[in-house]
Amino acid sequence: MALGYEAWDSERAAEIIAELKSHEGATLVILHALQEAFGYVPQDAIPMIALALNLSRAEVHGVFTFYHDFRKAPAGRHVLKLCSAEACQSAGSDALAARAESTLGMTLGETRADGVVSLEPVYCLGLCATAPSAMLDGRLIGRLDATRLDALLVEAQR
Amino acid sequence: MKLKIFIPRDAGAIAVGADEVALELELCARKRGVSLEVVRTGSRGLYWLEPMLEVSTGAGRIAFGPLTPGDVGSVLDAIAADGPHPLRLGLTEQIPWLKRQTRLTFARCGVIDPRSVEDYRVHGGYEGLERALALTSEAIIDDVIKSGLRGRGGAGFPTGIKWRTVAQANAVQKYICCNADEGDSGTFADRMVMEGDPYMVIEGMTIAGIAVGATRGYIYIRSEYPHAVEAINAAIAGARRAGYLGPGIGRSRHDFDIEVRVGAGAYICGEETAMLESIEGKRGVVRAKPPLPAHKGLFGQPTVINNVLSFAAIPFILAGGAQAYADCGMGRSRGTKPIQLGGNIKHGGLFEVAFGITLGELVDDIGGGTASGRPVRAVQVGGPLGAYFPRELFDTPFDYEAFAARSGLVGHGGVVVFDDTVDMAKQARFAMQFCAIESCGKCTPCRIGSQRGVETIDKIINGDRASQNIALLEDLCQTMKLGSLCALGGFVPYPVLSALKHFPEDFGLAPPRLQAAE
Ligand SMILES: Cc1cc2nc3c(=O)[nH]c(=O)nc-3n(C[C@H](O)[C@H](O)[C@H](O)COP(=O)(O)O)c2cc1C
Ligand code: SF4
Ligand code: FES
């Protein structure tokens, strides 16, 4: 279980949904709030949202799967995002991603089998003037190089 | 004596250690018995000098940077002694890189406290709104038209004309939507403004609301920008407390309020109709036009959609600056363009300047060439759908029409520099791959074509019937250009074809004539 999240609890989820359902077009707002609380959005939440918003399950499921951010399973304890967009590419991000993959023994876009770390690509963090960029558990890192990356990789495996 | 010190809270500065510098500053000051007032500002946009610290003096602010926490003690000593320091940059306003700019939109960014509506007002904030409240809807829109402002999100559509359409529409509820999805690689100006001068965006949206008769606004911010979300939310709360949002804004008869919506990692939601779908809580699938959002937008109601920088330009224009704004620029591109220099560049950051500056001046002169010290080989302008330019086209001036004439895109003003180690076939492949990942799936040329594009480029890279496959790729690009509903599928051929045209040797072909002729 990733750090800082509550265990899934359908009553707590129902509270969150009830609190937010009056927003105009509330589906994304609710999905975000659930993911913020639990670290992911379990399958069980979909019919609950559908019922509260008077939508079909298929509609809510369709929204949930459209967006890259929403997780159907918990992420690793640490989430390391490496920017893989053009400005970071120009500053050597591809080699850094390969280095991270080999150190962690996993591929970009996966959660490691032991559940310790998720390694994910992100397409621009808006830090393109201090590229390459990364984000570890929500913390931003610019001017990434092999040395700084290695330190992050140690942190990400704790 | 109390020292007044400014350190950015901008995400770009934080990413390179601004928080650590701020923490160390408090510690060092306590040790030395110096009393401090620290203001966390936006960034000045000179990112190679971040983290930068400024101290207020009788002569103006003096800057130091780039700092590590280890430098802070000696910087404090130098400030106390008014002495030299190797990282002392002199008066901030006199730093040539900043002095050369024409900062209209970014005048306050890095200067004021973004959490303080008072500081905003002291620096000219809400003058535009005060004046707008005394004008008729038509007079406000006339000012926007007179300024020549064209949308800063990419397409360059005249902002005033869009507002007029919504003003003339008949509806009980109209909406103002601010597009803060800023998904283009190489761009960060929206983020900087939201973090460094958030009240300006809110003021711009409020003026739009008054002009067109809308009472509700949304800011759609991408989830990759948590600092911007926090800054805008704080400013919305501050504006409500000060009576600048909510019922009867500025003691007038106008109501206006704003809500933030956070994206969820889909590039296509920067396209305006996909953004509307997303705010409505749906999949971010592009809508066919017509109807235009100005007629049937959010929840089917007339809606103004503008980019962050378009709204950000409004307060200056309404505060009597319409003519001054129009006086900058070239041709039909009026005003200033906040250009973002990024990637492998020595002096990267935010450079706001009148339209007309050439790509070469930006890359070589202002940007100082590559960070790696190797020769510049290619520059991508306008994000992932923008063309790659070789050095031979560095005389292209920043102007919507001039870029279009060279099959390029000004877009949101991102300039990404690559050195001579770049493999342009790989870049072309990435453009197609990005399109495949981010396609909303509505049209076949984009959804399937981009996948075929990746495969075809792979074949070319592997030398598999290269000339046939290049012909196939060109054909595919043509199909995507003509058969795509929006500019994701429609424009991705630009980076691909520009790479092929200007850098054919990377695809295993003979070098281009352009270079051979030199
Ligand atoms: C694929 C795609 C992505 C886009 N991304 C953005 C974006 O991130 N921000 C933005 O303001 N406009 C973006 N646009 C342009 C918008 O559709 C729209 O033109 C713009 O928000 C209008 O505002 P403006 O007139 O102030 O530029 C995008 C367009 C396309 C086709
Ligand atoms: S071009 Fe691509 S992103 Fe645009 S509408 Fe068609 S499928 Fe969707
Ligand atoms: S491209 Fe990596 S931060 Fe913008």
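Residues numbered from 1 in each chain as written. Chains lettered and ligands numbered in written order. Predicted model: local features only at pLDDT ≥ 70, side-chain atom pairs only at ≥ 80, totals over all residues. Heavy atoms only, no water.

1. A few points about the nonpolar core
Phase 1 of the analysis: Judged by nonpolar contacts, the single largest core of 154 residues is most densely connected at Leu-34 and Tyr-67 of chain A together with Trp-163, Ile-221 and Met-432 of chain B.
Phase 2 of the analysis: In contact with Trp-163 of chain B, not counting residues within four places along its chain, are Ile-140, Ile-141, Val-144, Gly-204, Ile-207, Ala-208, Ala-211, Val-212, Val-304, Asn-306, Phe-311 and Ile-314 of chain B.
Phase 3 of the analysis: With 31 residues, the next largest nonpolar core counts Phe-351, Val-353, Val-381 and Ala-387 of chain B among its residues. (Core = buried A, V, L, I, M, F, W, Y, C linked by side-chain atoms within 4.5 Å. Buried < 20%, exposed > 50% of the residue type's maximum accessible area, 1.4 Å probe, protein only. Contact = heavy atoms within 4.5 Å.)

2. Observations regarding the interface of chain A and chain B
Phase 1 of the analysis: Contacts between the two partners involve 37 residues from chain A, matched on the other side by 62 residues from chain B.
Phase 2 of the analysis: Of the roughly 3,600 Å² buried between chain A and chain B on both sides combined, carbon and sulfur atoms contribute 55%.
Phase 3 of the analysis: It is Glu-24, Phe-66 and Glu-86 of chain A in chain A that bury the most area against chain B; as a group they hold 20% of the surface buried on that side.
Phase 4 of the analysis: There are two salt bridges connecting chain A and chain B.
Phase 5 of the analysis: A salt bridge links Glu-24 of chain A to Arg-216 of chain B; the nearest nitrogen and oxygen atoms lie 3.5 Å apart.
Phase 6 of the analysis: If you look at where chain A meets chain B, you find 31 residue pairs in polar contact (both at pLDDT 80 or more).
Phase 7 of the analysis: For the side of chain A that touches chain B, the secondary structure elements donating two or more residues are helix H2 (27-38), helix H4 (57-66), helix H5 (86-90) and strand S5 (139-141) of chain A. (Buried area = accessible area lost by both parts, 1.4 Å probe. Salt bridge = Lys/Arg side-chain N within 4 Å of Asp/Glu carboxyl O. Polar contact = N/O pair within 3.5 Å; in protein donor to acceptor, adjacent residues only side chain to side chain. Helix = DSSP H or I, 4+ residues; strand = E, 2+ residues; numbered from the N terminus.)

3. Some thoughts on unusual backbone geometry
Residues apart from glycine generally show negative phi values, whereas peptide bonds are mostly found in trans.
Phase 1 of the analysis: Following Ala-131 of chain A, the chain continues into Pro-132 of chain A via a peptide bond in cis, with omega recorded as -10 degrees.
Phase 2 of the analysis: Position of Pro-132 of chain A among the secondary structure elements: in the loop between strand S3 (117-122) and strand S4 (134-136).
Phase 3 of the analysis: Geometrically, the link from Gly-65 of chain B to Pro-66 of chain B is a cis peptide bond, its omega value of -5 degrees lying close to zero.
Phase 4 of the analysis: Following the sequence through the fold, Pro-66 of chain B ends up in the loop between strand S4 (60-64) and helix H3 (72-81).
Phase 5 of the analysis: A positive phi angle, near 45 degrees, is found at Asp-137 of chain A, a position not held by glycine.
Phase 6 of the analysis: Tracing the backbone through its elements, the reader meets Asp-137 of chain A in the loop between S4 and S5.
Phase 7 of the analysis: Unusually for a residue other than glycine, Ser-407 of chain B sits at a positive phi of about 55 degrees.
Phase 8 of the analysis: By secondary structure assignment, the location of Ser-407 of chain B is in the loop between helix H15 (400-405) and strand S16 (414-419).

4. Points about the sheet that holds strand S1 (residues 2-8) of chain B
All names here are of chain B.
Phase 1 of the analysis: On the basis of which strands lie adjacent, the open sheet formed by five strands has the order S2-S1-S3-S4-S5 and mixed pairing. The strands lining the two open edges of the sheet, one partner per strand, are strand S2 (35-41) and strand S5 (88-91). Across the sheet, the mean angle from the axis of one strand to that of its neighbour is 25 degrees, orientation sign disregarded.
Phase 2 of the analysis: With two bridges joining them, S1 and strand S3 (residues 53-57) adopt antiparallel strand pairing. Among the inter-strand pairings, Phe-6 is bridged to a residue of S3, identified as Glu-54. (Pairing = 2+ DSSP bridges. Axes fitted to C-alpha atoms, helices over the stretch in contact; angles between N-to-C directions.)

5. Observations regarding the site of ligand 1
All names here are of chain B.
Phase 1 of the analysis: As a structural note, the neighbourhood of ligand 1 is formed by 20 residues, with Gly-153, Asn-179, Asn-306, Asn-307 and Ser-310 the closest of them.
Phase 2 of the analysis: Gly-183 is positioned with one of its backbone polar atoms (N or O) 3.4 Å from an oxygen atom of ligand 1.
Phase 3 of the analysis: Interatomic distance of 3.2 Å between a backbone N/O atom of Gly-270 and a nitrogen atom of ligand 1.
Phase 4 of the analysis: Considered on its own, ligand 1 offers 610 Å² of accessible surface; in the complex 91% of this is hidden by protein.
Phase 5 of the analysis: Where the shell around ligand 1 is concerned, the elements lending two or more residues are strand S9 (303-307) and helix H19 (487-491).
Phase 6 of the analysis: If you tally residues by element for the shell around ligand 1, the top one is S9, at three residues.
Phase 7 of the analysis: Looking at side-chain class alone, the shell around ligand 1 contains five nonpolar, nine polar and six charged residues. (Near = heavy atom within 4 Å. Areas by Shrake-Rupley, 256 points an atom, 1.4 Å probe, with all protein chains shown as cover. Nonpolar A, V, L, I, M, F, W, Y, C, P; charged D, E, K, R; others polar.)

6. Description of the domain arrangement of chain A
Phase 1 of the analysis: By domain assignment, chain A separates into domain 1 (10-66) and domain 2 (78-156).
Phase 2 of the analysis: Distance from the C-alpha centre of domain 1 of chain A to the C-alpha centre of domain 2 of chain A: 30 Å. (Domains from an automatic or database assignment.)

7. Description of the packing of helix H17 (residues 444-461) of chain B against helix H18 (residues 466-483) of chain B
Residues and elements named next belong to chain B.
Phase 1 of the analysis: Following both chains from N to C, one finds H17 and H18 inclined at 160 degrees, their axes separated by 10 Å at the closest point. Classified by the interaxial angle, the pair formed by H17 and H18 is roughly antiparallel. Seen from above, H17 lies across H18 with left-handed handedness. Seen from H17, the contacting residues are Pro-445, Cys-446, Gly-449, Ser-450, Arg-452, Gly-453, Thr-456, Ile-457, Lys-459 and Ile-460; seen from H18, they are Ala-466, Asn-469, Ile-470, Leu-472, Leu-473, Leu-476, Thr-479, Met-480 and Gly-483.
Phase 2 of the analysis: In the contact of H17 with H18, the residues fall into 10 nonpolar, seven polar and two charged. (Parallel < 35°, antiparallel > 145°, perpendicular 65-115°, else oblique. Left-handed = near helix turned anticlockwise from the far one by under 90°.)

8. Remarks on helix H13 (residues 308-327) of chain B
Residues and elements named next belong to chain B.
Phase 1 of the analysis: Helix length check: H13 (20 residues) gives 22 Å between terminal C-alpha atoms against 28 Å at 1.5 Å per residue, more than 12% under.
Phase 2 of the analysis: The largest bend along H13 reaches roughly 120 degrees and is located at Gly-321.
Phase 3 of the analysis: Most of H13 is tucked away: 14 of the 20 residues are buried.
Phase 4 of the analysis: With a side-chain oxygen positioned 2.8 Å from the backbone nitrogen of Leu-309, the residue opening H13 is Asn-307.
Phase 5 of the analysis: Positive phi shows up at Gly-329, right after H13, with a value of about 110 degrees. (Expected span 1.5 Å × (residues − 1). Bend = angle between axes of the 7 residues up to and from the residue.)

9. Section: a nonpolar patch on the surface
Phase 1 of the analysis: There is a patch of nonpolar side chains on the surface, built from Ile-145, Phe-157 and Ile-161 of chain B and spanning about 240 Å² of accessible area.
Phase 2 of the analysis: Here Ile-145 of chain B falls in the partly exposed class, since its relative accessible area comes to 31%. (Patch = residues over 30% accessible without salt bridge, like charges linked within 9 Å, V, L, I, M, F, W, Y side chains within 5 Å.)

10. Observations regarding the confidence of the model for chain B
Phase 1 of the analysis: Across chain B, the average pLDDT comes to 96, with 99% of residues at 70 or higher.
Phase 2 of the analysis: Scored as a whole, the predicted complex attains pTM 0.97, and scored at its interfaces, ipTM 0.97. (pLDDT = per-residue confidence, 0-100.)

11. Focus on the pattern of salt bridges
Phase 1 of the analysis: Scanning the entire structure with this criterion turns up 39 salt bridges over all chains.
Phase 2 of the analysis: For Arg-115 of chain B, the salt bridge is made with Glu-230 of chain B, and the minimal N-O distance between the two is 3.4 Å. Taken as a pair, Arg-115 of chain B in the loop between helix H4 (96-99) and helix H5 (117-122) and Glu-230 of chain B in helix H11 (residues 226-241) lie far apart in primary sequence, 115 residues in all.
Phase 3 of the analysis: A relative accessible area of 28% means that Arg-115 of chain B is categorised as partly exposed.
Phase 4 of the analysis: Classification of Glu-230 of chain B as partly exposed rests on a relative accessible area of 48%.
Phase 5 of the analysis: In this structure, a network of salt bridges that share partners links the residues Glu-24 of chain A together with Arg-216, Glu-259 and Arg-261 of chain B.

12. Describing the environment of Ala-85 of chain A
Phase 1 of the analysis: The residue Ala-85 of chain A is located in the loop between strand S1 (78-83) and H5 in this model.
Phase 2 of the analysis: Its relative accessible area of 3% is what places Ala-85 of chain A among the buried residues.
Phase 3 of the analysis: When the C-alpha atoms of Ala-85 of chain A and Ala-33 of chain A are compared, they prove to be 27 Å apart, with 52 residues separating the residues in sequence.
Phase 4 of the analysis: Among all residues touching Ala-85 of chain A, those that are not within four sequence positions of it are Val-122, Tyr-123 and Cys-124 of chain A together with Ser-185 and Phe-430 of chain B.

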